Amino acid sequence: MEGDERHTGRAVAHRSSSALTASPAAPVPAMPAQPVASTRLSARLRQAHAIADLRSLAARRLPRAVFDFIDGGAEDERTLRDNVEAFDGWMLMPRVGVDVARRDLTRPILGATSSLPLMMAPTGLAGFFWPDGEVAGARAAARAGIPYCLSTNSVASIEHVAAGAPDGERWFQLYFLRDRDWMQALLARAAAAHYRVLCLTVDLAVQGRRERDLRNAFTMPLRPRLATAFDLARRPGWLAGVARSRLGFGNFEAAGGGFTSVAQHVASLFDPSANWDDIARIREHWRGPMALKGILHPADAEKAVALGIEAVIVSNHGGRQLDDVPAAIEALPDVAAAVAGRAEIILDGGVRRGTDVVKALALGATACSMGRPFLWGLSAGGTEGVSRAIEIFRSELDNAMTLLGTPTLADITRDHVRERKGGGR
């Protein structure tokens, strides 16, 4: 899984070459500028007023080992916590006397207009948390008018998601694979299925040591154990969904071939030898916008820009890879300075509130991605749960912009944030 971080002390916290040259289809029309209202929200989803509420609902529905897979991070989980808490190091500075009677929350992201400065992060195994979870997420994103990015490690295949959610803006996320022919075939399939943007993730040479998963002996599907039998029995809704799902890694031929840990999957298929020359070859052959995900060092951001990559995603993989690296929001200002407007910047990690989005935009981000909030909403209520997560962000962002005195996203500047003395921790 990719994306962001768990509950902390914050009150809101949970918070072939020819294959590569296939064109990813003509540019899609602008996404709807207004949300499509849902009339099917359950009472419990209507009562979820913050992302933290969706996290609580997800924790009640999922078995502990599955919830920990979403919620956990690497080793001591310092970066996991920092991703959320580092937002507290910044204060908002409102301006008054500004006409904010009408607000515009739309933003172009890599050439397509999004109704919010948000995208759905590529998160592996979404279909394990809710039946057909990738399609559910893509449909919610299309309904809201924001981009959806499908993970290489999805349960549903590239083609299945495209068929199940044909509308909206779709991106495809790719890892470097040992089998380069297979990797090229995935790119060709994504282009043929009209995924417009390629998101290449470069921070998974090997999987981080995720100790919660090790202690839980997490596999996909879950391997029944005496220690977890009672917990599973208390989750009939989740079990019923799993029983009618075909689980596996849908983009790989070996999908569904027995019990496997995600670490074993990564070790057997992913290529730790990939370097900047390999990244350059992907950029040369992909005929569409491209984002590079997993950037923390400004020098790496400069290299990406020099290769003609249109967006960098500032991310530490949700604190799930190398522990004790900077929080995403801490790395953002230096990356923004290095990029200097030559590429778009997406902030991935710890975003739990609309005010977090405001802070990221003020510090140089074009948009933010939602990883764990997406999966918590999905686990709580499928498409409607994801829609609820998006609408929570929309409502909070609109409220914050009104009170900040910024009627448009372009009005949010570095002048609207101040560093908190002592870092806020």
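Residues numbered from 1 in each chain as written. Predicted model: local features only at pLDDT ≥ 70, side-chain atom pairs only at ≥ 80, totals over all residues. Heavy atoms only, no water.

Brief notes about the pairing of strand E7 (residues 197-201)
This is how it is decided: We call a residue buried when its accessible area falls under 20% of the maximum for its residue type, exposed when it is over 50%, and partly exposed in between, using a 1.4 Å probe and counting protein chains only. Labels follow the DSSP assignment, with helices taken as runs of H or I lasting at least four residues and strands as runs of E lasting at least two, numbered in each case from the N terminus. A pair of strands counts as paired when DSSP detects no fewer than two bridges linking them. A crossover gets the label right-handed when its path from the first strand over the helix to the second runs clockwise, viewed with the strands pointing away from the viewer.
With five of five residues buried, E7 is to be regarded as a mostly interior element. The two faces of E7 match: Val197, Cys199 and Thr201 on one face and Leu198 and Leu200 on the other face are all buried. Sheet topology places strand E6 (residues 170-174) next to E7; four bridges connect them, and they run parallel. Paired with leucine 174 across the bridge in E7 is leucine 200. This β-α-β element, E6 to helix H9 (residues 180-192) to E7, shows right-handed connectivity. The pairing of E7 with strand E8 (residues 290-295) spans four bridges and is classified as parallel. Bridged to leucine 200 within E8 is leucine 292.

A closer look at the packing of aromatic side chains
As a reminder of what qualifies: Aromatic pairing here means that ring centres of Phe, Tyr or Trp (its six-membered ring) are within 6.5 Å. Orientation follows from the plane angle: under 30 degrees is stacked, over 60 is edge-to-face, and everything else is tilted. The rule for a charge over a ring is simple: NZ of Lys or CZ of Arg within 6 Å of the ring centre, and within 35 degrees of the ring normal.
For the structure on display, the rule yields eight aromatic pairs. With a centroid separation of 6.2 Å and 50° between ring planes, the pair formed by phenylalanine 128 and phenylalanine 129 is classed as tilted. For the residue pair phenylalanine 128 and phenylalanine 129, the accessibility class agrees, reading buried in each case. Plain terms: the ring middles of phenylalanine 128 and tryptophan 238 are 5.5 Å apart, the flat faces sit at 75° to each other, and that makes the pair edge-to-face. Here phenylalanine 128 is found in helix H6 (residues 126-129), whereas its partner tryptophan 238 is found in helix H12 (residues 236-243), with 110 residues between them in sequence. Overall, tryptophan 238 belongs to the buried group, its relative accessible area being 3%. Members of the aromatic cluster, each reached through a chain of ring pairs, are Phe69, Phe128, Phe129, Phe218 and Trp238. Over the ring of tyrosine 195 we find arginine 170; its NZ or CZ atom is 4.9 Å from the centre of that ring. Lying over the aromatic face of phenylalanine 69, arginine 320 brings its terminal NZ or CZ to 5.0 Å of the ring centre.

Remarks on the pairing of E6
A large share of E6 lies buried, amounting to five of its five residues. Residues of E6 alternate between two faces, with Arg170, Phe172 and Leu174 on one and Trp171 and Gln173 on the opposite face, all of them buried. Taken together, the three bridges between strand E5 (residues 148-150) and E6 define a ladder with parallel strand orientation. Following the sheet pairing, leucine 150 is matched in E6 by phenylalanine 172. For the segment spanning E5, helix H8 (residues 158-164) and E6, crossover handedness is right-handed.

Quick word on the packing of helix H4 (residues 64-71) against helix H18 (residues 372-404)
Threshold: The angle between two axes is taken between their N-to-C directions and runs from 0 to 180 degrees, where each axis is a line fitted to C-alpha atoms and a helix contributes only its stretch in contact. By the definition adopted for this analysis, an angle is roughly parallel if under 35 degrees, roughly antiparallel if over 145, roughly perpendicular if from 65 to 115, and oblique otherwise. Only heavy atoms matter for contacts: two residues are in contact if any of them lie within 4.5 Å across the pair. Residues are sorted three ways: Asp, Glu, Lys and Arg are charged, Ala, Val, Leu, Ile, Met, Phe, Trp, Tyr, Cys and Pro are nonpolar, and all the rest, Gly among them, are polar.
Contact pair H4 / H18: the axes reach a minimum separation of 10 Å and the direction vectors enclose 155°. Comparing the axis directions of H4 and H18 gives the class roughly antiparallel. Contact with H4, carried on its side by Phe67, Ile70 and Asp71, involves Arg372, Leu375, Trp376 and Ser379 of H18 and no other residues of that element. Residues belonging to the contact of H4 with H18 are distributed by class as follows: four nonpolar, one polar and two charged.

Considerations on the side chain of histidine 317
Short version of the rule: In protein, a polar contact requires one atom able to donate a hydrogen and another able to accept it; more generally it is a pair of N or O atoms within 3.5 Å, and residues adjacent in sequence count only if both atoms are side-chain atoms.
Here histidine 317 is to be found in the loop between strand E9 (311-315) and helix H16 (328-339). Polar contacts involving the side chain of histidine 317 include one to the side chain of aspartate 203, which spans 2.9 Å.

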